[in-house]
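Examination of the molecular architecture
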Amino acid sequence: DTLGLSSPEKDIVLKEAGSLVNALRSGSPASKSETLRGILVFYGAGKGADELESVLRANPASGYDRLGYFMLGEAELMQDDEAAALEEWRRGFRATGSPVFLQRFEDYFIENEEPARAIETLQKLSGDKERDLLVRFFLGRLYYRLEMLDDSLRILESLRERLDLSPTYHYLIGRIRQRRD
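Parameters at a glance
Residues numbered from 1 in each chain as written. Predicted model: local features only at pLDDT ≥ 70, side-chain atom pairs only at ≥ 80, totals over all residues. Heavy atoms only, no water. Helix = DSSP H or I, 4+ residues; strand = E, 2+ residues; numbered from the N terminus. Buried < 20%, exposed > 50% of the residue type's maximum accessible area, 1.4 Å probe, protein only. Polar contact = N/O pair within 3.5 Å; in protein donor to acceptor, adjacent residues only side chain to side chain. Contact = heavy atoms within 4.5 Å. Axes fitted to C-alpha atoms, helices over the stretch in contact; angles between N-to-C directions. Parallel < 35°, antiparallel > 145°, perpendicular 65-115°, else oblique. Left-handed = near helix turned anticlockwise from the far one by under 90°. Nonpolar A, V, L, I, M, F, W, Y, C, P; charged D, E, K, R; others polar. Phe/Tyr/Trp six-rings, centres within 6.5 Å; stacked < 30°, edge-to-face > 60°. pLDDT = per-residue confidence, 0-100. Core = buried A, V, L, I, M, F, W, Y, C linked by side-chain atoms within 4.5 Å.

**Notes on the side chain of T121**
Mapped onto the elements of the fold, T121 is located in helix α6 (residues 115-125). T121 sits in the buried class, given a relative accessible area of 8%. Within polar-contact distance, the side chain of T121 engages the backbone oxygen of R117 at 2.8 Å. Ignoring anything within four residues of it in the chain, the contact list for T121 reads F105 and F109.

Right under this line is the structure:
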């Protein structure tokens, strides 16, 4: 059942999704997120994930990469395949370096009351020298969200030299110190 909709609603959604899929194939300028969502809805999570992968392979420089990996992960979650979803987000982060994936890991694990897995995932991703700054910043912010203030401050202060001009960095440091007092 598509998104738990009634039959008339489902027909409307499928028609709209089909239009978006056709727009993608013909090169029409539908927004990327609308197109990818349309693929998922039109084909369903399982076949939709396959279609998304074929779009990514056929158009590697199309700009669908970040959103595509993200949506592939979401499609895997819709199929109750957590491991595949996490792997798609990892692949997406490695391919694009986008913080969207770090945020999704963080939110996903917190929503599922598994903060230790969020910490572990970010720690594993921090080994990449090219993106280490971003991952460590997110890890420090995650510790802050989890009220692990000493750990958060330790990580973030180690980034001071590289982030000294960032207002977000100073705001976070200030909030941590305020909570500690």
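From this point, the narrative continues.
**Some points on the packing of helix α7 (residues 132-145) against helix α8 (residues 149-157)**
In contact at an axis separation of 7 Å, α7 and α8 are set at 160° when each is read in the N-to-C sense. What the angle tells us is that α7 and α8 run roughly antiparallel. For the pair α7 and α8, the crossing hand works out as left-handed. Touching R136, F137, L139, G140, Y143 and Y144 of α7 are L149, D151, S152, I155 and L156, all from α8. Its residues assigned to classes, the contact of α7 with α8 shows seven nonpolar, two polar and two charged.

**What about unusual backbone geometry?**
For E113, which is not glycine, the phi dihedral falls at a positive 55°. Structurally, the position occupied by E113 is in the loop between α5 (99-111) and α6. Residue classification places E113 among the exposed positions, given a relative accessible area of 70%. Positive phi is not limited to glycine here, since E147 has a value of about 65°. Relative to the helices and strands, E147 is located in the loop between α7 and α8. For E147, a relative accessible area of 47% corresponds to the partly exposed category.

**A few points about the environment of I110**
Position of I110 among the secondary structure elements: in helix α5. For I110, a relative accessible area of 26% corresponds to the partly exposed category. When the C-alpha atoms of I110 and L146 are compared, they prove to be 9.0 Å apart, with 36 residues separating the residues in sequence. Contact partners of I110, with chain neighbours within four places excluded, come to L142, R145 and L146.

**A closer look at the packing of aromatic side chains**
In this structure the tally under the stated criterion is six aromatic pairs. Ring geometry for W89 versus F105: centroids 6.0 Å apart, planes at 85°, classification edge-to-face. Note that W89 is positioned in helix α4 (residues 82-96) and F105 in helix α5, a separation of 16 residues in sequence. On the numbers, 5.9 Å between centres and 65° between planes, the contact of W89 with Y108 is edge-to-face. On the criterion of sequence distance, the pair formed by W89 in helix α4 and Y108 in helix α5 is long-range, its members being 19 residues apart. Y108 gets classed as buried once you look at its relative accessible area, which sits at 8%. Cluster of aromatic residues (ring-pair linked, three or more members): F70, W89, F101, F105, Y108 and F109.

**Remarks on the confidence of the model for the chain**
With 62% of its residues at a pLDDT of 70 or more, the chain has an overall mean of 78. Considering each helix and strand of the chain separately, the mean pLDDT is smallest for helix α1 (residues 7-26), with a value of 56, and largest for α8, with 96.

**A word on the nonpolar core**
Counting residues in each nonpolar core, the largest one holds 33 residues, and the members touching the most others are W89, L102, L122, F137, L139, L156 and I176. Listed by contribution, the elements that provide at least two residues to this core are α3 (64-78), α4, α5, α6, α7, α8 and α10 (167-180). The leading source of residues in this core is α7, at seven residues. Not counting residues up to four positions away in its chain, the partners in contact with L139 are I119, L122, Q123 and I155.

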